[in-house]
Amino acid sequence: MTYDVLIVGGAAMGSATAYYLRLMDPAVSVAVLERDSTYARSSTILSDGNVRIQFNLEENIRISQFALEVLATFADDMELSSYRPEVGKRHQGNLFLTDATHRADAVAGMELQQSLGCDVGWLDASEIAARWPMFDGPRHVGGTFGSLDGSVDPIAVVRGYRQCAVAMGVEFIEAEVSSLIRDDAAIAGIRLASGEEMKAPVVVNCAGAWSPGLLSAIGVDVPVLPIMRSVFVVASHLEWEGDLPSVFVPSGVYVLPEKDGTFLIAWSQPDDPVGFDFTVRRSGFYDMIWPELVDHFPAFDQLEIVESWAGLYAANTLDGNTILGRWPEVRGLHICTGFSGHGFQQCHAVGRCLAELILQRHHALDLSRLGTQRIIEGEPLYEHARRLI
Ligand SMILES: Cc1cc2nc3c(=O)[nH]c(=O)nc-3n(C[C@H](O)[C@H](O)[C@H](O)COP(=O)(O)OP(=O)(O)OC[C@H]3O[C@@H](n4cnc5c(N)ncnc54)[C@H](O)[C@@H]3O)c2cc1C
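Just so it is clear, the model here is predicted, and its values are computed rather than measured.

### A few points about the sheet that holds strand S10 (residues 186–192)
Taken together, three strands build an open sheet; the order of strands is S9-S10-S11 and the sheet is antiparallel. Edge positions in the sheet fall to strand S9 (177–183) and strand S11 (197–199), since each of these pairs with one other strand and no more. Direction aside, neighbouring strands of the sheet carry axes that sit 30 degrees apart on average. Where S10 lies against S11, three bridges are found, and the strand directions are antiparallel. Looking at the pairing, Ile-190 lines up with Met-198 of S11.

Here you go:
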């Protein structure tokens, strides 16, 4: 079988890319190879589904602006008779707290976001305490609040893109890709675990944390590791009225209020396991995360874990940002990985960008600095103060 484009992996990135390809060119033949249509271990489905405008790199801010635009009408735009993808967008807002040491950085980031038209503002610690008493605490001097940031259902996003792509003629094939086929300086297709080969002059690797393995087998090395990140859902004795923001403290602990009154809490650690490990260690919550949380917010002194899971970051160890685009040494090979902790919200802009690149269309958003060249040259493009996010 020969196609114009083969996409490996059909979660957020693969589905969005397939959708935008057919939207821009209904004649292009596209097949998506996804080994598990339940997406049980895909990072997309295991993610927190947070979408935020509060980044420090102009590209990442513009990517999120596009995401908010798409998500505002996603259910209407992607509805088919079989399914209406209600993404459940909740604009509860993200509050990034800062201590005195990091205040200037936080204000600089906010000013960049504001200059790009984002609705982000500064709240003093006293204003935070008055508005959300449970987020009163001794360690922050204030924070930046993005009122449009919020949470989205990742399943609805993937299903929405996937069903529309299929309706437009994309083939979704449930199969495991065992290898990419490289013919010297060009990509030639893929080989399935069944042994079957599929040919295409363009292959897009959207296999998430599994992407680097497929790439290194054909001599393409990217600085991306699969790193396990755990998420804990907790119940508390706290009571409140109205919406609570999602709160991020400078050390990286974050608290996302869920619709049912629970909180989703997580904290990435430098020693999180590398590899394809999905085993949550609850002791990590009790030993590390909870003490840090209570140190910031004493009101969280009584909690009970009601659920936990782990997913993988495709962690870009060079600079924490996406690696997006053509790999110059292998004609037709397109890379889409390294999203670390913020890829779900980027699938809209990334899918559109890849489609534009493959079909040689005008780029609605210039994401060339997130391309592969910086990886080849080893030149990082940091999102924030050299911190990997
Ligand atoms: C705990 C956690 C919380 C997160 N929270 C957020 C958040 O709040 N906001 C945000 O924006 N991002 C978040 N992220 C990051 C985000 O989930 C990812 O960056 C994004 O979902 C990556 O999408 P993807 O399509 O590239 O990869 P994935 O979703 O992992 O999809 C890859 C797909 O490829 C398939 N696949 C892999 N190998 C093969 C193969 N050989 N053959 C066939 N199919 C294959 C897999 O089955 C999978 O479905 C979080 C991640 C984690 C782990």
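Read on, since the account is not over.
### What to know about the site of the ligand
In the vicinity of the ligand there are 35 residues, among which Glu-34, Thr-44, Asn-50, Val-177 and Gln-345 approach most closely. One nitrogen or oxygen atom from the main chain of Ala-12 is found 3.4 Å from an oxygen atom belonging to the ligand. Glu-34 is positioned with one of its side-chain polar atoms (N or O) 2.7 Å from an oxygen atom of the ligand. Elements that contribute at least two residues to the shell around the ligand include exactly helix H1 (12–24), strand S2 (30–34), helix H2 (43–46), strand S13 (224–236) and strand S17 (303–316). Looking at the shell around the ligand residue by residue, the classes come out as 16 nonpolar, 14 polar and five charged.

### A closer look at the pattern of salt bridges
On inspection of all chains with the given rule, the structure shows 13 salt bridges. A salt bridge links Asp-295 to Arg-139; the shortest N-O distance between them is 2.6 Å. Here Arg-139 lies in the loop between helix H6 (125–131) and strand S6 (142–146) and Asp-295 lies in helix H9 (residues 282–296), a separation of 156 residues in the sequence. Owing to a relative accessible area of 41%, Asp-295 belongs among the partly exposed residues under this scheme. As a salt-bridge pair, Arg-374 and Asp-319 come within 2.6 Å of each other at their nearest N and O atoms. Of this pair, Arg-374 sits in helix H11 (residues 373–377) while Asp-319 is found in the loop between S17 and strand S18 (323–326), placing the two residues 55 residues apart along the sequence. By sharing partners, the salt bridges in this structure join Asp-76, Glu-79, Arg-84 and Glu-86 into a single network.

### Considerations on the packing of H1 against helix H7 (residues 154–167)
The interhelical angle for the contact between H1 and H7, taken along N-to-C directions, is 35 degrees, at an axis separation of 8 Å. The two elements H1 and H7 cross, and the hand of that crossing is left-handed. Two secondary-structure elements touch here, H1 through Ala-12, Ser-15, Ala-16, Ala-18, Tyr-19 and Tyr-20 and H7 through Val-158, Tyr-161, Arg-162, Cys-164 and Ala-165. Broken down by class, the residue content of the contact of H1 with H7 amounts to nine nonpolar, one polar and one charged.

### Considerations on the sheet that holds S2
Pairing is mixed across the open sheet formed by six strands, whose spatial order is S8-S2-S1-S12-S19-S18. Of all the strands in the sheet, the pair left with one neighbour each is strand S8 (171–174) and S18. Direction aside, the axes of adjacent strands within the sheet are offset by 15 degrees on average. Both strand S1 (residues 5–8) and strand S12 (residues 202–205) contribute to a ladder of four bridges, which runs parallel. Residue pairing across strands places Ile-7 opposite Val-204, the latter belonging to S12.

Cut-offs and rules
- Residues numbered from 1 in each chain as written.
- Predicted model: local features only at pLDDT ≥ 70, side-chain atom pairs only at ≥ 80, totals over all residues.
- Heavy atoms only, no water.
- Pairing = 2+ DSSP bridges.
- Helix = DSSP H or I, 4+ residues; strand = E, 2+ residues; numbered from the N terminus.
- Axes fitted to C-alpha atoms, helices over the stretch in contact; angles between N-to-C directions.
- Near = heavy atom within 4 Å.
- Polar contact = N/O pair within 3.5 Å; in protein donor to acceptor, adjacent residues only side chain to side chain.
- Nonpolar A, V, L, I, M, F, W, Y, C, P; charged D, E, K, R; others polar.
- Salt bridge = Lys/Arg side-chain N within 4 Å of Asp/Glu carboxyl O.
- Buried < 20%, exposed > 50% of the residue type's maximum accessible area, 1.4 Å probe, protein only.
- Left-handed = near helix turned anticlockwise from the far one by under 90°.
- Contact = heavy atoms within 4.5 Å.

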